[in-house]
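The primary structure of each chain is shown beneath.
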Amino acid sequence: MALSRAFDYRRDNSNRINGCAMSDRWDSYLATKNGKPASLFVDIGFAQEAPKGDYGVCLAVLVQQRAPRHDGLTTNEEADRLWPLEDALVPAVHAWGGIYVGRITTDGRRDFFFYGASSDGFDAVVSQAIEPSWW
């Protein structure tokens, strides 16, 4: 089950996922979060564009993995299941007006992060973007 959240931060493209423009400076990192292994995939180019004016709200979609590895990271099978979700989610949030800035996988969860002007309508966009059968 996914949970969407909004965080009111006052900070606030040439790459594309399903037609959505993003910076071409993405990088991945392995780290720890709360003492657990974490895999981060972030748009480091976004920092060069920030602040983005009205994009002061950090929005997150939290997805519990069905079958994570014993360390809480993603198996190949789980990744194959999560790619279509990301491919549906990113363009839907982009069309709504959000900017995709990265994801964190840790502790059996994959969290997707966006910036937007507000959280109004975000939950509805997320619900419509993700196939009900996915859950």
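Residues numbered from 1 in each chain as written. Predicted model: local features only at pLDDT ≥ 70, side-chain atom pairs only at ≥ 80, totals over all residues. Heavy atoms only, no water.

### Looking at the confidence of the model for the protein
Part 1: When pLDDT is averaged along the protein, the result is 81; 77% of the residues meet or exceed 70.
Part 2: In the model, residues 1-21 has pLDDT below 50 throughout and makes 77 contacts with residues more than four positions away in sequence or in other chains. (pLDDT = per-residue confidence, 0-100. Contact = heavy atoms within 4.5 Å.)

### Comments concerning the side chain of Asp71
Part 1: Here Asp71 lies in the loop between strand 6 (57-64) and helix 2 (76-96).
Part 2: In terms of polar contacts, Asp71 uses its side chain to reach the side chain of Arg69, at 2.5 Å.
Part 3: A polar atom in the side chain of Asp71 sits 3.1 Å from the backbone nitrogen of Leu73. (Helix = DSSP H or I, 4+ residues; strand = E, 2+ residues; numbered from the N terminus. Polar contact = N/O pair within 3.5 Å; in protein donor to acceptor, adjacent residues only side chain to side chain.)

### A word on the pairing of strand 7 (residues 99-106)
Part 1: Among the eight residues of strand 7, eight are classified as buried, and the element is accordingly described as predominantly covered.
Part 2: Relative to strand 7, strand 5 (residues 36-43) runs antiparallel, the two sharing five bridges. Looking across to strand 7, one finds that Ser39 is bridged to Thr105.
Part 3: Pairing of strand 7 with strand 8 (residues 109-116), which is carried by seven bridges, proceeds in the antiparallel orientation. (Buried < 20%, exposed > 50% of the residue type's maximum accessible area, 1.4 Å probe, protein only. Pairing = 2+ DSSP bridges.)

### Focus: the nonpolar core
Part 1: Counting residues in hydrophobic clusters, the biggest one holds 18 residues, and the most contacted among them are Val61, Leu89, Phe112, Phe114 and Phe122.
Part 2: Contributions of two or more residues to this core are made by strand 6, helix 2, strand 8 and helix 3 (122-129).
Part 3: It is helix 2 that contributes the most residues to this core, five residues altogether.
Part 4: In this structure, Ala38, Cys58, Ile99 and Phe113 belong to the second largest nonpolar core, which totals 10 residues. (Core = buried A, V, L, I, M, F, W, Y, C linked by side-chain atoms within 4.5 Å.)

### Let's talk about the pairing of strand 4 (residues 26-33)
Part 1: In the sheet, strand 4 pairs with strand 5 via eight bridges, with the strands oriented antiparallel. Each residue of the ladder has a partner; that of Leu30, found in strand 5, is Ser39.
Part 2: Between strand 4 and strand 5, which follow one another and run antiparallel, lie two residues, and Asn34 among them has a positive phi close to 55°.

### A closer look at the side chain of Arg81
Part 1: Looking at the element boundaries, Arg81 is found in helix 2.
Part 2: For Arg81, a relative accessible area of 15% puts it in the buried group.
Part 3: Among the polar contacts listed, one links the side chain of Arg81 to the side chain of Glu78, at a separation of 2.6 Å.

### Comments concerning unusual backbone geometry
Part 1: The phi angle at Asn34 is positive, at roughly 55°, despite the residue not being glycine.
Part 2: For Asn34, the location among the structural elements is in the loop between strand 4 and strand 5.
Part 3: Given a relative accessible area of 74%, Asn34 falls into the exposed group.

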